[in-house]
Amino acid sequence: MQPEVGVKVMAAFFVVQTFSKIKGGMRPDLPVQAQNTAHARRMAERLSLQKEAVVAFMREGDPSTGDYDEPLLIATFGELPDEIMQLQRVN
């Protein structure tokens, strides 16, 4: 069954982003998609043992339009920029 025309199809995306240290700062690595909040948290914790910094977050949005809400933090490890640390956390 297809959604009605004009109806938003909201989906939740769970992402774990790692960062590697480079000369003069940090470089984001390729993000990895997780299955849910718990999976993202476990993955971030595990990756934090190997990487300088890790952030797990979720976003809800409509992939067909590219319309997404602000990201919500699930977990953070290491030193991350203030703009990441100031994001609202998942309840």
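About the thresholds
Residues numbered from 1 in each chain as written. Predicted model: local features only at pLDDT ≥ 70, side-chain atom pairs only at ≥ 80, totals over all residues. Heavy atoms only, no water. Helix = DSSP H or I, 4+ residues; strand = E, 2+ residues; numbered from the N terminus. Buried < 20%, exposed > 50% of the residue type's maximum accessible area, 1.4 Å probe, protein only. Contact = heavy atoms within 4.5 Å. Areas by Shrake-Rupley, 256 points an atom, 1.4 Å probe, with all protein chains shown as cover. Lys, Arg positive; Asp, Glu negative; His and termini not counted. Charge placed at Lys NZ, Arg CZ, Asp CG, Glu CD. Polar contact = N/O pair within 3.5 Å; in protein donor to acceptor, adjacent residues only side chain to side chain. Salt bridge = Lys/Arg side-chain N within 4 Å of Asp/Glu carboxyl O. Core = buried A, V, L, I, M, F, W, Y, C linked by side-chain atoms within 4.5 Å. Arc of directions from axis to C-beta.

Engineer: I keep staring at the overall build of the protein and nothing clicks. Help me out?
Structural biologist: Across its full length, the protein holds 2 helices and 6 strands. Counting only C-alpha atoms, the protein reaches 50 × 25 × 25 Å along its principal axes. Counting every position in the protein, which comprises 91 residues, the buried fraction comes to 31%. Put simply, of all contacts in the protein between residues at least 6 apart along the chain, 48% involve residues at least 24 apart. Element-wise, carbon and sulfur atoms account for 51% of the exposed surface of the protein, whose accessible area totals about 6500 Å². Where the 10 positive side-chain charges of the protein centre and where its 12 negative ones centre are 10 Å apart.

Engineer: Could you clarify how one ought to interpret the environment of Leu30 in this entry?
Structural biologist: Inspection of the secondary structure assignment puts Leu30 in the loop between strand 2 (25-28) and strand 3 (32-34). Distance in space between the C-alpha atoms of Leu30 and Arg46 is 16 Å, their sequence separation being 16 residues.

Engineer: For this particular structure, what's the right way to read the side chain of Thr76?
Structural biologist: Note on placement: Thr76 falls in strand 6 (residues 72-77). Residue classification places Thr76 among the buried residues on the basis of a relative accessible area of 18%. Within the structure, the side chain of Thr76 is placed 3.4 Å from the side chain of Arg89, a separation counted as a polar contact. Not counting chain neighbours up to four residues away, the residues in contact with Thr76 comprise Val54, Val55, Met85 and Arg89.

Engineer: Whenever I open this one, the pattern of salt bridges confuses me. Can you help?
Structural biologist: As a working rule, side chains carrying opposite charge can pair if their charged atoms are close by. Per the stated rule, a full pass over the model turns up 2 salt bridges. Note that Asp29 is salt-bridged to Arg27, the shortest N-O span being 3.2 Å. Given a relative accessible area of 40%, Arg27 falls into the partly exposed group. Each of Arg27, Asp29 and Lys51 takes part in salt bridges that share partners, so that together they form one network.

Engineer: For this particular structure, what's the right way to read the side chain of Thr18?
Structural biologist: Secondary-structure assignment places Thr18 in strand 1 (residues 11-22). A distance of 2.7 Å separates a polar atom in the side chain of Thr18 from a polar atom in the side chain of Asp29. Contact partners of Thr18, with chain neighbours within four places excluded, come to Arg27, Pro28, Asp29, Leu47, Lys51, Ala53 and Val54.

Engineer: In this structure, what is going on with the nonpolar core? I would like to understand it.
Structural biologist: The tendency in soluble globular proteins is for nonpolar side chains to be buried side by side. In terms of nonpolar packing, the biggest core is built from 12 residues, these being Phe14, Val16, Ala34, Ala40, Met43, Ala44, Leu47, Val54, Ala56, Met58, Ile74 and Ala75. Take this core: its biggest share by element is 4 residues, from helix 1 (residues 37-47). Judged by nonpolar contacts, the second largest core, of 8 residues, contains Val15, Phe19, Phe57 and Ile84.

Engineer: Is there a simple way to think about helix 1 in this case?
Structural biologist: For helix 1, the complete set of buried residues consists of Ala40, Met43, Ala44 and Leu47. Looking down the long axis of helix 1, one finds its buried residues gathered within 100° of arc, a one-sided arrangement. On its buried face, helix 1 is in contact with strand 1, strand 3, strand 4 (53-62) and strand 6. The distance from a side-chain oxygen at the start of helix 1 to the backbone nitrogen of Ala38 is 3.2 Å, and the residue carrying that oxygen is Asn36.

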